[in-house]
Structure formats: C-alpha cells, structure tokens
Amino acid sequence: MGEVSLADIRAAAARIAGAVEHTPCLRSRTLSALAGCELWLKFENLQFTASFKERGALNKLLTLPEAERRRGVIAMSAGNHAQGVAYHAARLGVRAVIVMPRGTPNNKVKSTQVHGAELILEGDTLAGAAEYAHALGAREGRTFSHP
C-alpha cells in the first residue's frame, strides 16, 4: 500500500457517501477542561456498527474488482473492523469470512455474527488470528481486508 493522497481520500468519501452516516464533530467542554486544550470529538458511535471502522471496510469492498467480490473477502479483527466488514459485505452481497481470536468477548462475536458473515474463532492472539486468516484466504482465493 502506497502513500494516500488527498485525491484518494476525496474519492473514498465519494464512494461511501450515502452508505455511512455523516457524523458531527463537536467540542467536548469536559475533556477540553481536563486536557487544558480544545478537544473535539467525531461521533462515529452514530454509525450503524458504532465505529469508524465501517468507513474503511466499505471503501475496501467497493474498490474490489468483480472477480474478487465473487470470491469473497476475509478479515481478522476482534470487533469493530469485523462488524464493519460483515455488515457491508452482506449489504453488497459479498461473502465474508471473519477470523477472531478465541478470547474475543462474546458481545463482539454476536455483534459480528448478526450480519451473516462466516465467523471463525482461531488463534490465541490477534497475531495468531491474522496468520490463520491470511493462510485461509490464500487457500480459498479470498481478498484480505486489513483492519
């Protein structure tokens, strides 16, 4: 992956427009006072999956050539990226396999499963889950969606 340009960012924003929420960026008086500076928060918790990771997952899916979409995607995550990939893959009709470490909290597992992705619990760590996902993806010809 090379350098990301402003044009790349604008193109991604145009691609995902309408499929993700346009969330506000608001000043936090409490955090500003605690930190002694002006702090603004981007309210990505208003996304359908409650995470900004949804944006990158959707952009990745939308940039896949049709042949890769047909073969499906594989991702490794312990939560937010997993949910974003699972949700948008289902919306777009792309088969998704999500590998999560065995110790992933049950609420994250269930929040990913609800979107219809195939879920595999493998590896004791994120690194172990990633290794498994890369190997399985290579065997099955799936595109890896990096968190």
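What counts and how
- Residues numbered from 1 in each chain as written.
- Predicted model: local features only at pLDDT ≥ 70, side-chain atom pairs only at ≥ 80, totals over all residues.
- Heavy atoms only, no water.
- Helix = DSSP H or I, 4+ residues; strand = E, 2+ residues; numbered from the N terminus.
- Patch = residues over 30% accessible without salt bridge, like charges linked within 9 Å, V, L, I, M, F, W, Y side chains within 5 Å.
- Areas by Shrake-Rupley, 256 points an atom, 1.4 Å probe, with all protein chains shown as cover.
- Salt bridge = Lys/Arg side-chain N within 4 Å of Asp/Glu carboxyl O.
- Buried < 20%, exposed > 50% of the residue type's maximum accessible area, 1.4 Å probe, protein only.
- Core = buried A, V, L, I, M, F, W, Y, C linked by side-chain atoms within 4.5 Å.
- Pairing = 2+ DSSP bridges.
- Right-handed = clockwise from strand over helix to strand, strands pointing away.
- Axes fitted to C-alpha atoms, helices over the stretch in contact; angles between N-to-C directions.
- Parallel < 35°, antiparallel > 145°, perpendicular 65-115°, else oblique.
- Left-handed = near helix turned anticlockwise from the far one by under 90°.
- Contact = heavy atoms within 4.5 Å.
- Nonpolar A, V, L, I, M, F, W, Y, C, P; charged D, E, K, R; others polar.

This part covers the environment of Gly116. Tracing the chain through its elements places Gly116 in the loop between helix 6 (106–113) and strand 5 (118–121). In the structure, Gly116 is positioned 29 residues away from Tyr87 in sequence and 7.8 Å away in space, judged by C-alpha atoms.

On the surface, Val4, Leu6 and Ile9 cluster together into a nonpolar patch covering about 270 Å² of accessible area. With respect to the helices and strands, the residue Val4 is situated in the segment before helix 1 (6–16). Its relative accessible area of 46% is what places Val4 among the partly exposed residues.

Within soluble globular proteins, side chains that are nonpolar generally end up buried alongside one another. In this structure, Leu61, Val73, Val85, Ala96 and Ile98 are the most contacted members of the largest nonpolar core, which totals 15 residues. When contributions to this core are tallied by element, the ones reaching two or more residues are helix 3 (53–63), strand 3 (73–76), helix 5 (80–92) and strand 4 (96–100). Counting residues per element, this core draws most heavily on helix 5, at four residues. In terms of nonpolar packing, the next biggest core, distinct from the first, is built from 10 residues, Ile74, Met76, Ile120 and Phe144 among them.

Take the pattern of salt bridges next. Following the criterion strictly, the structure yields seven salt bridges and no others. For Arg55, the salt bridge goes to Glu44, with nearest N and O atoms at 2.7 Å. Of this pair, Arg55 sits in helix 3 while Glu44 is found in the loop between strand 2 (40–42) and helix 3, placing the two residues 11 residues apart along the sequence. Of the charged contacts in the structure, one is a salt bridge between Glu66 and Arg70, with a shortest N-O distance of 3.9 Å. One end of the pair is Glu66 and the other is Arg70, both in helix 4 (residues 66–71) and four residues apart, which spans about a single turn. For Glu66, a relative accessible area of 47% corresponds to the partly exposed category. Each member of the salt-bridge network shares a partner with another, and the members are Arg102, Glu122 and Asp124.

Within strand 4, five of the five residues are buried, leaving the element largely enclosed by the surrounding structure. Side chains of strand 4 alternate between two faces, with Ala96, Ile98 and Met100 and Val97 and Val99 buried alike. With four bridges joining them, strand 3 and strand 4 adopt parallel strand pairing. When the sheet's bridge partners are listed, Ile74 is paired in strand 4 with Val97. Assessed by its sense of winding, the connection that carries the chain from strand 3 through helix 5 to strand 4 is right-handed. Taken together, the four bridges between strand 4 and strand 5 define a ladder with parallel strand orientation.

Moving on: the packing of helix 3 against helix 5. Where helix 3 contacts helix 5, the two axes come as close as 8 Å, and the packing angle between them is 45°. As far as their axial angle goes, helix 5 and helix 3 are oblique. Here helix 3 and helix 5 pass one another in a crossing that is right-handed. The residues of helix 5 that touch helix 3, namely those facing Lys53, Glu54, Ala57, Leu58, Leu61 and Leu62, are Asn80, His81, Gly84, Val85, Tyr87, His88, Ala89, Arg91 and Leu92. Along the lines of polarity and charge, the residues of the contact of helix 3 with helix 5 split into eight nonpolar, four polar and three charged.

For Glu44, a relative accessible area of 9% corresponds to the buried category. In this structure Glu44 touches Thr23, Ala50, Ser51, Phe52 and Arg55, once residues within four positions along its chain are discounted.

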